Structure formats: structure tokens, C-alpha cells
Amino acid sequence: MNNTSSSEPITIEETQKILEQMTNCICKVKSKGIYGTGFFCRIRFLDNTFIKVLTTSYQILDEHYFKENNEINLIINNQARIINLNKKRKIYSNKDFDLTLIEIKESDKINDYFELDENILSQENPKLFYENKTIYIIQYLNMEKASVSYGIFNDLIDSEIKHTCSTKPGSNCSPILNSMNNKIIGISKISEKNDNNKGIFLKVPINEFKKQIEAKEEIKEKKVNIIDNKLKDTNLLIEKPKIMIVFKTGKGYSYGFIVNYGITVEQLLQKFIKKVKKIDYANISKSKIKFLFNSVKMNENEKVLKTLVEKYFENRRLPTIIVTHL
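Residues numbered from 1 in each chain as written. Predicted model: local features only at pLDDT ≥ 70, side-chain atom pairs only at ≥ 80, totals over all residues. Heavy atoms only, no water.

## Here we look at the sheet that holds strand β9 (residues 134-140)
Reasoning step 1: Within the closed barrel, the 6 strands sit side by side as β9-β10-β11-β14-β13-β12. Their pairing is antiparallel. Strand-to-strand, the axes of this sheet are offset by a mean angle of 45°, without reference to chain direction.
Reasoning step 2: Direction of pairing for β9 relative to strand β12 (residues 175-178): antiparallel, over a ladder of 3 bridges. Residue isoleucine 137 lies in a different strand from β12, and its bridge partner there is isoleucine 176. (Pairing = 2+ DSSP bridges. Helix = DSSP H or I, 4+ residues; strand = E, 2+ residues; numbered from the N terminus. Axes fitted to C-alpha atoms, helices over the stretch in contact; angles between N-to-C directions.)

Quick look at the structure:
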């Protein structure tokens, strides 16, 4: 282990970025009458979709908390906020890593997030890559004011980071960031032995979280395929050719629609909105709802809207439309 003692200088632009992160991207999480540290982070998948999460200590929010409570109480920049748990959310908990991740929805109106440093996932030898790099930890000193501590990434043993940043009580699960890009690489870990220069490298838990989500999505896809196969065994296609189209929302819900040939893409979107959203399609332009197919924003393209469904989805066995902000 190389105990380099000096961190690299931080520019004024980097300092301004860190100040913004200290103000908007960390929070205090209340549970059982006490507060712990939390922060907001975006995680990217291979298909360039993202999931936004609240990250905090397992000791603050464990599996029992979600069974017994319907909301999470936060303090962001000295302002009280509530996250309602009445909507289904993706949740990852790991007692060994002292880590819990909770999906953040658009309706939560959380606007600022840390970005995950994807080098933690892509580097074959992350220990060598990060060794001696300058890092910083944003934390609450004794759960009071937000502060930042700079130091050096000294070593990585399995999933445990060793560093030289100064940490205090209350900094458990505070974000550890790479100063080169201001992105998350780990969380701080306060031990009972007062050995506070340790942290958890997020490669393993993030990969586990992604696999958990992908497994659930695979199950949903199988259910859609089962529905599709059952439809093929019926006589629905006898009277007039039909097509089944799947709408998948950002909340993880899938809807299968069977429509006749001869209707336009716009008429298809109208049917979906009337059935699911219960609002007038004419008001779509005023909302944030977008329909995406092959990266094309369907409801913003007049040519697409006037195309017949059988032509637009030609040779597609089970076309899937992504619906955002729904």
C-alpha cells in the first residue's frame, strides 16, 4: 500500500461543482428518530437508460423499514422533504455493505444527482487505476453542517477502500468521489474500532443491483411473450388483420394493445392515452409525455403520426414503445 500523503490541488471550477453537490445532492435521512446520511445518484445501463436512486445506510433503511413505513423523511439543504412509498420502487439492500438503494421517481421532484464513475465497472484493475488519486468525501460533521474532506485513495482490498480523508461520526454512507471527474466511486464506512479511513467500493453492489433489475425485466418480458403466444392461439386474427404493440413506461409497467390494421400511429397513441392516462390526447403537447420507438419521438413527428401501424411496425414481431414521464 502506498501512503501518499498529499492530494492534488482543486481548481475554482471544481470547487464550485463540489459546493453545488454539497448543497443539492446529499441529504439527511430520518429513521427511528435519528438521522443518517443519504445522497442521490444516477446509474446508467448499457442501453443508455438511467435509474435514479437515493443511497443510504442499511442501518437507517433496511427491509423492515419498507414493510412498516409508507414514506421516507429527508432534509435537503435544510428543507424537509418526504418521499412517498405508495408507488412500487426498485430497492436494493445489502447488510454486509451497509447499503440501501431506493429508486427515485419523477414525481419525487428531485432534480440534482451525483453521477456514477463508470470506471469502477469498466476498469480491469480498479486498484491500480485509482491508487494515489485524489478523492473527496462530502459528509455532515456530527450530522450538522455539510462539509468536504480531501484525501488520497490508498488501497483497494476486495470491496474495501482505504483512504486518507478525514471522516467524523455521521459520515457513514457518505459519498466518496473521484476529484478528476466529480463522480461517485464509493461510500464511507465508519467502524466500531474508530478506524474511519475506510469505505466500500461500489462495483459489486452496483452490479448486483443492475442484475436484480435485469432479472425482473426479463420476467416481465416473458410474461408479455406468454400473452403474445396465447393471442396467437385465439381466433382474434380471423376477421381482420391485427397487431399487438407493447407500451413500456419508465415506472416499469407494460401494457399490451391489440389494434386493427388500417389505423394510424396517432390513433394508436390516442387509444393508449385514453385507456391508461384518462386524459385528452389533445393535451399531450402540454405535458412531458413522450413516445419513443427506435429513438424516434413519435408524437413530435407528423410523418410518423400519419403512418399506418402495419406500415410503421412492418416486420416487427412485437414492437415496444417506450413511454417517458408517465
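Read on, since the account is not over.
## Here we look at the pairing of β12
Reasoning step 1: Neither face of β12 is open: one carries Pro175 and Leu177, the other Ile176 and Asn178, and all of them are buried.
Reasoning step 2: Sheet topology places β12 next to strand β13 (residues 183-189); 4 bridges connect them, and they run antiparallel. Residue pairing across strands places asparagine 178 opposite lysine 183, the latter belonging to β13.
Reasoning step 3: Between β12 and β13, which pair antiparallel and follow one another directly, the connecting turn spans 4 residues, one of which, asparagine 182, has a positive phi of 60°. (Buried < 20%, exposed > 50% of the residue type's maximum accessible area, 1.4 Å probe, protein only.)

## Comments concerning the sheet that holds strand β18 (residues 296-297)
Reasoning step 1: Here we have 5 strands laid out as an open sheet, ordered β16-β15-β19-β17-β18, and mixed in their pairing. What marks the edges here is a single partner per strand, and that holds for β16 (254-260) and β18.
Reasoning step 2: Lying on the sheet, helix α6 (residues 265-277) is in contact with β15 (242-249), β16, β17 (290-293) and β19 (320-324); it crosses β16 at an angle near 130°. (Contact = heavy atoms within 4.5 Å.)

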